[in-house]
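# Geometric and topological summary
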Amino acid sequence: MKERRIGIIMHGVTGRMGMNQHLIRSILEIRKQGGVALKDGSRVMPDPLLVGRNAGKVEALAREHGVQRWSADLDAALASREDQVFFDAASTQLRPTLLKRAIAAGKHIYCEKPVSTTLAEAKSLYAAARKARVKHGVVQDKLWLPGLLKLQKLREEGFFGKILSVRGEFGYWVFEGDKVPAQRPSWNYRKQDGGGIILDMLCHWRYVLDNLFGEVKAVSCRGATHIPFRWDEDGKKYKATADDAAYATFELAGGVIAHFNSSWTVRVRRDDLLTLQVDGTQGSAVAGLRRCLVQSYDKTPKPVWNPDIPQPINFFEGWEEVPGEDYDNAFKAQWELFLKHLAGEGAFRWNLLEGAKGVQLAELGLKSWQQRKWLDVPRLTS
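Residues numbered from 1 in each chain as written. Predicted model: local features only at pLDDT ≥ 70, side-chain atom pairs only at ≥ 80, totals over all residues. Heavy atoms only, no water.

Attention now goes to the sheet that holds strand S9 (residues 216-224). Note on sheets: strands pair through backbone hydrogen bonds, and any given pair is parallel or antiparallel. Taking strand neighbours across the sheet as the criterion, the nine strands line up as S17-S16-S15-S14-S8-S13-S12-S9-S18 in an open arrangement whose pairing is mixed. Strand pairing shows two members of the sheet lacking a second neighbour, strand S17 (320-321) and strand S18 (375-376), which therefore form its edges. The sheet contact formed by strand S12 (residues 245-252) and strand S13 (residues 257-263) spans seven bridges and is antiparallel. Bridge pairing links Phe250 to Ala258 in S13. Contacts from helix H7 (residues 197-212) reach strand S8 (163-171), S9, S12, S13 and strand S14 (274-280), with the element oriented near 150° to S13. The strands touched by helix H9 (residues 352-371) are S9, S12 and S18; relative to S9, the strand with the most contacts, the crossing angle is about 60°. (Pairing = 2+ DSSP bridges. Helix = DSSP H or I, 4+ residues; strand = E, 2+ residues; numbered from the N terminus. Contact = heavy atoms within 4.5 Å. Axes fitted to C-alpha atoms, helices over the stretch in contact; angles between N-to-C directions.)

Right, let's get into helix H5 (residues 119-132). Look at H5: 20 Å from first C-alpha to last across 14 residues, which is about the 20 Å you get at 1.5 Å a residue. Among all positions of H5, only Leu119, Ala122, Leu125, Tyr126 and Ala129 are buried. Along the axis of H5, the buried residues cluster in a sector spanning 125°; they form a single face. Of the residues in H5, the exposed ones pointing more than 90 degrees away from the buried face are Ala120 and Lys131. Contacts from the buried residues of H5 go to helix H4 (95-104), strand S7 (136-138) and H9. Taken from the residues just after H5, Arg133 is the one with a positive phi, measuring 60°. (Expected span 1.5 Å × (residues − 1). Buried < 20%, exposed > 50% of the residue type's maximum accessible area, 1.4 Å probe, protein only. Arc of directions from axis to C-beta.)

The subject of this paragraph is the pattern of salt bridges. Counted under the stated rule, the structure contains 26 salt bridges. A salt bridge links Asp141 to Lys113; the shortest N-O distance between them is 3.5 Å. Here Asp141, found in the loop between S7 and helix H6 (146-157), pairs with Lys113, found in the loop between strand S6 (108-111) and H5; they are 28 residues apart in sequence, far enough to count as distant. Judged by its relative accessible area of 11%, Lys113 is buried. Between Arg155 and Glu156 there is a salt bridge, and its shortest N-O distance comes to 3.8 Å. Judged by relative accessible area, Glu156 falls into the exposed class, the value being 54%. The network of salt bridges with common partners includes Arg5, Asp47, Arg69, Glu82 and Asp83. (Salt bridge = Lys/Arg side-chain N within 4 Å of Asp/Glu carboxyl O.)

Relative to the elements of secondary structure, Leu337 occurs in helix H8 (residues 330-342). Using a relative accessible area of 31% as the deciding quantity, one classes Leu337 as partly exposed. In the structure, Leu337 is positioned 49 residues away from Gly288 in sequence and 24 Å away in space, judged by C-alpha atoms. Residue contacts for Leu337: discarding those within four places in its chain leaves Trp144, Phe348 and Trp350.

A word on the packing of H5 against H9. Relative orientation of the contacting elements H5 and H9 amounts to 170°, with a least axis distance of 8 Å. Compared by their axis directions, H5 and H9 come out roughly antiparallel. Contacts between H5 and H9 pair Leu119, Ala122, Lys123, Leu125, Tyr126 and Ala129 from the former with Leu352, Leu353, Ala356, Val359, Gln360 and Glu363 from the latter. Tallied by class, residues from the contact of H5 with H9 come to nine nonpolar, one polar and two charged. (Parallel < 35°, antiparallel > 145°, perpendicular 65-115°, else oblique. Nonpolar A, V, L, I, M, F, W, Y, C, P; charged D, E, K, R; others polar.)

The next subject is the nonpolar core. In a soluble, globular protein the nonpolar side chains are often hidden away together inside. Ranked by size, the top nonpolar core spans 109 residues in total, and within it Phe213 and Phe250 carry the most contacts. Tallying contributions element by element places H7 first for this core, with eleven residues. Once residues lying within four places of it in the same chain are set aside, the contact partners of Phe250 are Leu202, Leu209, Val216, Ala218, Val219, Val256, Ile257, Ala258, Phe260, Leu361 and Trp374. (Core = buried A, V, L, I, M, F, W, Y, C linked by side-chain atoms within 4.5 Å.)

It is worth spelling out the side chain of Glu112 at this point. As for its placement among the helices and strands, Glu112 is situated in the loop between S6 and H5. Glu112 gets classed as buried once you look at its relative accessible area, which sits at 6%. The contact partners of Glu112, leaving out residues within four places of it in the chain, are Met17, His22, Phe87, Asp88, Ala89, Arg95, Val138, Val139 and Phe331.

Written out as structure tokens, the structure reads:
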């Protein structure tokens, strides 16, 4: 069986997301399964080169997971013809510069989001990639989560009837770092370092809404910095200058209203860290990362408001679980599609323009908060 090697410079994989989701659960799993099968019977085999500024960390990561190639010299990696792809999962602020260097070196691009901190930068990246005629993709992992795939299937089957509204609840309590170590990096809470939940999460909600429920047409957003001080990785107290919570409402094409609460200062009492409730004329669904429950019109209870007696209806009854399927890791699923695209099989629409749309919505969300008003979301085109 013919095997086609694709060398991938993987930058930022010593961080939590880059290491766990992209290296271990995606690229290394794809290698274990013998690559990605193509229609002609051949297979695409990714060959990672781990790159980072801290040589000790990169070498230790490579040794632990049996990766043969690693380097602390990004310039040399970009100059080599041995690798065709540059992947970045490092900090948002550094990403535009790194991607432009990789594009100038003729590398295809795949990266985490946000692709930048400003729309102007995001659009310039897309323009540079088009001019260089390199292939490009942006991670939009939530589209391949089992819970959201089930929502997509329900919509395609017409279960909801006319979709009326979408309500998203995302977040959990991120510890401040003094008494209990924080489970997110400290730069997330410093605006000057590219932090903030609006920039981080509205990029996600853009592609989720656009792909599942309707193109985002307008936004109203209110951010907040609820925890004013935190402690960094060295135990040093610092002032939180970025938003740690966002309360946003969106108008979608077709008249759908969506609202998302995003917070790193909330304690969870719901089915999952992310839940989406979709209400339509013929039925509703509530999805988490993996599970999805539905209630059709004919099984909808008929409550009557009476605060003087205990509630006679158990509202958690009357919901049915959507059966599961054999879903793969969401990050791995998108990696496989991108590898096929690199090999010339299939288009890949989750590109730098889609990444720019996410940055656009985050930028407008911040502007809406500052101006305290609704803002239209102009359509971005190629």
